[in-house]
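Chain and residue survey
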Amino acid sequence: MPRTYAIGELSRRTGVKVTTIRYYEQNGLIAEPERAASGHRRYDDTALERLGFIRQARQLGFDPTAIRELLGLAADPNRPCTAVDIIAKHHVDEITTRIQHLSALRNELQRVLDNCGSGRIGDCHVLQSIADRTGHKQGPNA
């Protein structure tokens, strides 16, 4: 007899919150499970494996749309993996862009800190820099 899991057990085994499992179910990332006579959801080993795949893909930063595409491609094991490579390459490009943006933010903040005299709040270069970016020259409390 195949093993089935209640949603709480599935959550414990995969490290995915119950609410997230329900979200994935509602959005078609995992199939709606069979229900026991009591009406409770009962997930099988296929759902367990699929949820593990989704969790790992999320940890790698793939969004739900890309995960859906990857799952669809994985359903055809004889297909060339070119489409998977394209999705992964696109994701790497997005990560690279985010890293560049974060590096620029870090450098700007470090520049402001380097010019900070650590004096009074009224003369704080960090607060002034933030206020300058919002167009308010007098600071956050003006």
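Before reading further, recall that the structure is shown in the block above.
So, a few notes on the structure that sits alongside this text.

The rules behind each value
- Residues numbered from 1 in each chain as written.
- Predicted model: local features only at pLDDT ≥ 70, side-chain atom pairs only at ≥ 80, totals over all residues.
- Heavy atoms only, no water.
- Helix = DSSP H or I, 4+ residues; strand = E, 2+ residues; numbered from the N terminus.
- Rg over C-alpha atoms; globule rule 2.2 N^0.38 Å.
- Buried < 20%, exposed > 50% of the residue type's maximum accessible area, 1.4 Å probe, protein only.
- Polar contact = N/O pair within 3.5 Å; in protein donor to acceptor, adjacent residues only side chain to side chain.
- Contact = heavy atoms within 4.5 Å.
- Axes fitted to C-alpha atoms, helices over the stretch in contact; angles between N-to-C directions.
- Parallel < 35°, antiparallel > 145°, perpendicular 65-115°, else oblique.
- Left-handed = near helix turned anticlockwise from the far one by under 90°.
- Nonpolar A, V, L, I, M, F, W, Y, C, P; charged D, E, K, R; others polar.
- Arc of directions from axis to C-beta.

**Observations concerning the overall build of the chain**
The secondary structure content of the chain amounts to 6 helices and 3 strands. Counting from the amino terminus, the chain carries its helices and strands in the arrangement β-α-α-β-β-α-α-α-α. A compact globule built from 142 residues should have a C-alpha radius of gyration of about 14 Å, whereas the chain, at 24 Å, is more than 25% larger. In terms of principal-axis extent, the alpha carbons of the chain reach across some 70 × 40 × 25 Å.

**Some thoughts on the side chain of T14**
Within the secondary structure, T14 is located in helix α1 (residues 7–14). For T14, a relative accessible area of 10% gives the class buried. A distance of 2.8 Å separates the side chain of T14 from the backbone oxygen of L10, its partner in a polar contact. Those residues in contact with T14 that lie beyond four places of it in its chain are L48, L51, G52 and R55.

**Overview of the packing of helix α4 (residues 64–74) against helix α5 (residues 82–114)**
Where α4 meets α5, the axes come as close as 10 Å, and the angle between the chain directions of the two elements is 165°. Considered as vectors, α4 and α5 are oriented roughly antiparallel to each other. Seen from above, α4 lies across α5 with left-handed handedness. Facing A66, E69, L70 and L73 of α4, the residues of α5 in contact are A83, V84 and I87. The residue inventory of the contact of α4 with α5, partitioned by class, reads 6 nonpolar, no polar and 1 charged.

**Focus on α4**
Three- or four-residue spacings in an α-helix give side chains the same orientation, since the helix completes a turn every 3.6 residues. Buried within α4 are the following residues: A66, I67, L70, L71 and L73. One side of α4 carries all its buried residues, which in axial view fall inside an arc of 160°. On its buried face, α4 sits against α3 (45–59) and α5. Capping the start of α4, D63 holds a side-chain oxygen 3.1 Å from the backbone nitrogen of T65, two or three residues further along.

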